[in-house]
Amino acid sequence: MVTAKDNEGAGGPVSAVPPYWEEAKIELMKRDRIMKKLIPQFGDLHLVGHDDPFTTLARSIVGQQVTTKAADTAWKKLLQVSPKCTPAQIIKAGAEQLAGCGLSKRKTEYILDLADHFKNKRVHTSQWDQMDDEAVIAELVQIRGIGRWTAEMFLIFNLLRPNVLPLDDPGLIQGISQNYFSGEPVSRSDAREVSANWEPWRTVATWYLWRSLDPVAVE
(Lines give C-alpha, C1' and ligand atoms only; values in the text may rest on other atoms or scores of the structure.)
Protein backbone atom coordinates (compact mmCIF):
# COMPACT_ATOMS: atom_id res chain seq x y z
CA MET A 1 0.00 0.00 0.00
CA VAL A 2 1.25 3.49 -0.77
CA THR A 3 2.25 5.47 2.28
CA ALA A 4 3.23 9.01 3.10
CA LYS A 5 6.80 7.72 3.20
CA ASP A 6 6.56 6.76 -0.48
CA ASN A 7 5.60 10.31 -1.33
CA GLU A 8 8.70 11.56 0.42
CA GLY A 9 10.72 9.81 -2.25
CA ALA A 10 8.86 11.16 -5.27
CA GLY A 11 9.25 13.97 -7.70
CA GLY A 12 12.71 15.39 -7.02
CA PRO A 13 13.49 16.70 -3.53
CA VAL A 14 13.41 20.39 -2.68
CA SER A 15 15.51 20.73 0.46
CA ALA A 16 14.63 24.32 1.44
CA VAL A 17 12.81 24.68 4.73
CA PRO A 18 9.12 25.55 4.14
CA PRO A 19 8.70 29.26 4.97
CA TYR A 20 6.20 28.63 7.77
CA TRP A 21 8.12 25.80 9.48
CA GLU A 22 9.92 27.61 12.30
CA GLU A 23 6.90 29.70 13.27
CA ALA A 24 4.74 26.58 13.25
CA LYS A 25 7.17 24.69 15.52
CA ILE A 26 7.16 27.51 18.07
CA GLU A 27 3.36 27.82 18.06
CA LEU A 28 2.75 24.06 18.28
CA MET A 29 5.16 23.71 21.20
CA LYS A 30 3.39 26.54 23.03
CA ARG A 31 -0.08 25.07 22.55
CA ASP A 32 0.35 21.31 22.70
CA ARG A 33 2.15 19.37 25.45
CA ILE A 34 2.81 16.38 23.16
CA MET A 35 4.29 18.56 20.44
CA LYS A 36 6.41 20.30 23.09
CA LYS A 37 8.08 16.94 23.81
CA LEU A 38 8.09 15.62 20.25
CA ILE A 39 9.39 18.49 18.12
CA PRO A 40 12.77 18.97 19.88
CA GLN A 41 13.59 15.28 19.30
CA PHE A 42 14.03 15.94 15.58
CA GLY A 43 16.27 18.99 15.68
CA ASP A 44 16.50 20.77 12.35
CA LEU A 45 14.73 18.07 10.33
CA HIS A 46 11.82 19.36 8.28
CA LEU A 47 9.38 18.43 5.55
CA VAL A 48 11.17 17.93 2.23
CA GLY A 49 8.95 18.93 -0.67
CA HIS A 50 9.03 17.80 -4.30
CA ASP A 51 8.87 20.16 -7.20
CA ASP A 52 7.39 18.31 -10.18
CA PRO A 53 3.61 17.85 -9.99
CA PHE A 54 3.31 15.17 -12.68
CA THR A 55 6.13 13.01 -11.31
CA THR A 56 4.82 13.29 -7.75
CA LEU A 57 1.34 12.13 -8.78
CA ALA A 58 2.65 9.39 -11.09
CA ARG A 59 4.81 8.01 -8.27
CA SER A 60 1.78 7.98 -5.96
CA ILE A 61 -0.22 5.94 -8.46
CA VAL A 62 2.63 3.45 -8.99
CA GLY A 63 2.79 2.89 -5.22
CA GLN A 64 -0.89 2.17 -4.66
CA GLN A 65 -1.75 -1.20 -3.07
CA VAL A 66 1.79 -2.62 -3.26
CA THR A 67 4.77 -2.79 -0.91
CA THR A 68 7.33 0.00 -0.94
CA LYS A 69 9.89 -2.42 -2.44
CA ALA A 70 7.55 -3.43 -5.28
CA ALA A 71 6.71 0.24 -5.93
CA ASP A 72 10.41 1.17 -6.06
CA THR A 73 11.12 -1.64 -8.54
CA ALA A 74 8.24 -0.62 -10.83
CA TRP A 75 9.22 3.04 -10.60
CA LYS A 76 12.82 2.32 -11.63
CA LYS A 77 11.58 0.32 -14.61
CA LEU A 78 9.19 3.12 -15.57
CA LEU A 79 12.07 5.61 -15.51
CA GLN A 80 13.96 3.38 -17.98
CA VAL A 81 10.99 3.63 -20.35
CA SER A 82 10.44 7.34 -19.63
CA PRO A 83 13.68 8.83 -18.21
CA LYS A 84 12.30 12.34 -17.71
CA CYS A 85 8.83 11.10 -16.70
CA THR A 86 7.03 13.76 -18.72
CA PRO A 87 3.42 13.39 -19.88
CA ALA A 88 4.57 13.27 -23.53
CA GLN A 89 7.11 10.50 -22.80
CA ILE A 90 4.55 8.44 -20.89
CA ILE A 91 1.98 8.72 -23.69
CA LYS A 92 4.64 7.85 -26.28
CA ALA A 93 5.66 4.77 -24.27
CA GLY A 94 2.07 3.50 -24.39
CA ALA A 95 0.19 0.85 -22.44
CA GLU A 96 2.30 -2.13 -23.50
CA GLN A 97 5.63 -0.69 -22.35
CA LEU A 98 4.11 0.62 -19.11
CA ALA A 99 2.62 -2.78 -18.36
CA GLY A 100 6.09 -4.22 -18.95
CA CYS A 101 7.29 -2.17 -15.97
CA GLY A 102 5.18 -4.36 -13.72
CA LEU A 103 2.15 -2.07 -13.60
CA SER A 104 -1.32 -3.60 -13.54
CA LYS A 105 -3.73 -2.89 -16.37
CA ARG A 106 -5.62 -0.49 -14.12
CA LYS A 107 -2.52 1.41 -13.01
CA THR A 108 -1.35 1.63 -16.61
CA GLU A 109 -4.69 3.24 -17.48
CA TYR A 110 -4.39 5.61 -14.51
CA ILE A 111 -0.88 6.76 -15.49
CA LEU A 112 -1.96 7.34 -19.09
CA ASP A 113 -5.04 9.27 -17.93
CA LEU A 114 -2.83 11.40 -15.67
CA ALA A 115 -0.49 12.10 -18.59
CA ASP A 116 -3.45 13.00 -20.80
CA HIS A 117 -4.79 15.45 -18.19
CA PHE A 118 -1.42 17.20 -17.96
CA LYS A 119 -0.62 17.18 -21.69
CA ASN A 120 -4.02 18.59 -22.64
CA LYS A 121 -3.99 21.09 -19.74
CA ARG A 122 -7.11 19.69 -18.12
CA VAL A 123 -5.45 20.42 -14.79
CA HIS A 124 -4.50 24.01 -14.01
CA THR A 125 -1.04 23.55 -12.51
CA SER A 126 -0.10 27.21 -12.93
CA GLN A 127 -3.14 28.24 -10.85
CA TRP A 128 -2.75 25.80 -7.97
CA ASP A 129 -0.67 28.23 -5.92
CA GLN A 130 -3.65 30.63 -5.92
CA MET A 131 -6.33 27.97 -5.29
CA ASP A 132 -7.39 26.87 -1.82
CA ASP A 133 -6.83 23.32 -0.63
CA GLU A 134 -10.32 22.00 -1.36
CA ALA A 135 -10.32 23.49 -4.87
CA VAL A 136 -7.03 21.70 -5.69
CA ILE A 137 -8.37 18.44 -4.23
CA ALA A 138 -11.57 18.76 -6.28
CA GLU A 139 -9.53 19.14 -9.46
CA LEU A 140 -7.14 16.27 -8.70
CA VAL A 141 -9.80 13.71 -7.83
CA GLN A 142 -11.25 14.10 -11.32
CA ILE A 143 -8.20 12.14 -12.54
CA ARG A 144 -8.64 8.35 -12.48
CA GLY A 145 -6.68 6.69 -9.70
CA ILE A 146 -6.39 9.81 -7.54
CA GLY A 147 -8.51 9.90 -4.41
CA ARG A 148 -8.64 12.35 -1.57
CA TRP A 149 -5.67 10.86 0.30
CA THR A 150 -3.39 11.10 -2.75
CA ALA A 151 -4.56 14.68 -3.33
CA GLU A 152 -3.83 15.57 0.31
CA MET A 153 -0.33 14.06 0.07
CA PHE A 154 0.17 16.22 -3.02
CA LEU A 155 -0.87 19.32 -1.08
CA ILE A 156 1.67 18.45 1.63
CA PHE A 157 4.66 17.35 -0.45
CA ASN A 158 4.31 19.34 -3.66
CA LEU A 159 2.43 22.52 -2.78
CA LEU A 160 3.77 22.59 0.81
CA ARG A 161 0.40 23.62 2.21
CA PRO A 162 0.69 24.21 5.98
CA ASN A 163 -2.74 23.13 7.26
CA VAL A 164 -3.58 19.72 5.74
CA LEU A 165 -5.09 17.03 7.98
CA PRO A 166 -5.10 13.71 6.06
CA LEU A 167 -7.65 11.78 8.10
CA ASP A 168 -7.42 8.77 5.75
CA ASP A 169 -3.69 8.41 6.45
CA PRO A 170 -2.93 5.39 8.68
CA GLY A 171 0.29 6.99 9.92
CA LEU A 172 -1.52 10.07 11.21
CA ILE A 173 -4.13 7.99 13.01
CA GLN A 174 -1.48 5.67 14.47
CA GLY A 175 0.63 8.64 15.54
CA ILE A 176 -2.31 10.24 17.35
CA SER A 177 -3.17 6.90 18.95
CA GLN A 178 0.33 6.30 20.27
CA ASN A 179 1.15 9.84 21.33
CA TYR A 180 -2.22 11.06 22.66
CA PHE A 181 -4.24 7.94 23.57
CA SER A 182 -1.62 5.46 24.89
CA GLY A 183 -2.12 3.23 21.86
CA GLU A 184 -5.91 3.00 22.17
CA PRO A 185 -7.97 3.01 18.93
CA VAL A 186 -8.69 6.50 17.57
CA SER A 187 -11.73 7.62 15.57
CA ARG A 188 -11.77 10.36 12.96
CA SER A 189 -13.65 12.58 15.40
CA ASP A 190 -10.93 11.97 18.03
CA ALA A 191 -8.32 12.96 15.45
CA ARG A 192 -10.22 16.12 14.53
CA GLU A 193 -10.54 17.07 18.19
CA VAL A 194 -6.81 16.65 18.84
CA SER A 195 -5.92 18.51 15.65
CA ALA A 196 -8.09 21.54 16.45
CA ASN A 197 -5.24 22.74 18.65
CA TRP A 198 -2.79 22.58 15.71
CA GLU A 199 -4.48 24.95 13.27
CA PRO A 200 -3.27 26.53 11.04
CA TRP A 201 -0.24 24.18 11.15
CA ARG A 202 -1.81 20.73 10.88
CA THR A 203 0.64 19.64 8.16
CA VAL A 204 3.55 20.31 10.50
CA ALA A 205 2.00 18.42 13.41
CA THR A 206 1.16 15.52 11.08
CA TRP A 207 4.77 15.39 9.87
CA TYR A 208 6.09 15.18 13.44
CA LEU A 209 3.65 12.37 14.22
CA TRP A 210 4.93 10.50 11.15
CA ARG A 211 8.47 11.01 12.41
CA SER A 212 7.50 9.64 15.84
CA LEU A 213 6.66 6.36 14.08
CA ASP A 214 9.53 6.43 11.58
CA PRO A 215 12.34 8.82 12.58
CA VAL A 216 14.11 8.76 9.20
CA ALA A 217 12.41 10.83 6.51
CA VAL A 218 13.07 9.42 3.04
CA GLU A 219 14.33 12.12 0.68
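Residues numbered from 1 in each chain as written. Predicted model: local features only at pLDDT ≥ 70, side-chain atom pairs only at ≥ 80, totals over all residues. Heavy atoms only, no water.

J.: Lay out the overall build of the protein in plain terms, naming residues and giving numbers.
T.: Per the secondary structure count, the protein includes 12 helices and two strands. Reading the secondary structure of the protein in the N-to-C direction produces α-β-α-α-β-α-α-α-α-α-α-α-α-α. Taking the principal axes of its C-alpha atoms as reference, the protein extends roughly 55 × 35 × 30 Å. Within the protein, the proportion of its 219 residues that are buried is 50%. (Helix = DSSP H or I, 4+ residues; strand = E, 2+ residues; numbered from the N terminus. Buried < 20%, exposed > 50% of the residue type's maximum accessible area, 1.4 Å probe, protein only.)

J.: An account of the domain arrangement of the protein is requested, with residue identities and associated values reported.
T.: Quite often, the size of an interface is put as the accessible area lost when its parts meet. Under the domain assignment used here, the protein contains domain 1 (18-46 + 162-211) and domain 2 (51-156). Once you take the C-alpha centre of each, domain 1 and domain 2 turn out to be 28 Å apart. The interface of domain 1 with domain 2 comprises nine residues on the first partner and six residues on the second. Across the domain 1/domain 2 interface, buried area totals approximately 610 Å², and carbon plus sulfur atoms make up 70% of it. (Domains from an automatic or database assignment. Contact = heavy atoms within 4.5 Å. Buried area = accessible area lost by both parts, 1.4 Å probe.)

J.: Requested: an account of the packing of aromatic side chains, with residues and values cited.
T.: In total, this model carries 11 aromatic pairs according to the counting rule given. A ring pair is formed by Y20 and W201, whose centres lie 6.2 Å apart and whose planes are at 25 degrees; its orientation type is stacked. Taken as a pair, Y20 in the loop between β1 (13-14) and α2 (21-31) and W201 in the loop between α11 (188-195) and α12 (202-213) lie far apart in primary sequence, 181 residues in all. Look at Y20 and you get buried, because its relative accessible area is 9%. Ring geometry for W21 and Y208: centres 5.8 Å apart, planes at 35 degrees, overall tilted. Highlighted residues: W21 in helix α2 and Y208 in helix α12, separated in sequence by 187 residues. Residue W21 shares its accessibility class with Y208, and that shared class is buried. Against the face of W207 rests R211, its NZ or CZ located 5.0 Å from the ring centre. (Phe/Tyr/Trp six-rings, centres within 6.5 Å; stacked < 30°, edge-to-face > 60°. Lys NZ or Arg CZ within 6 Å of the ring centre and 35° of its normal.)

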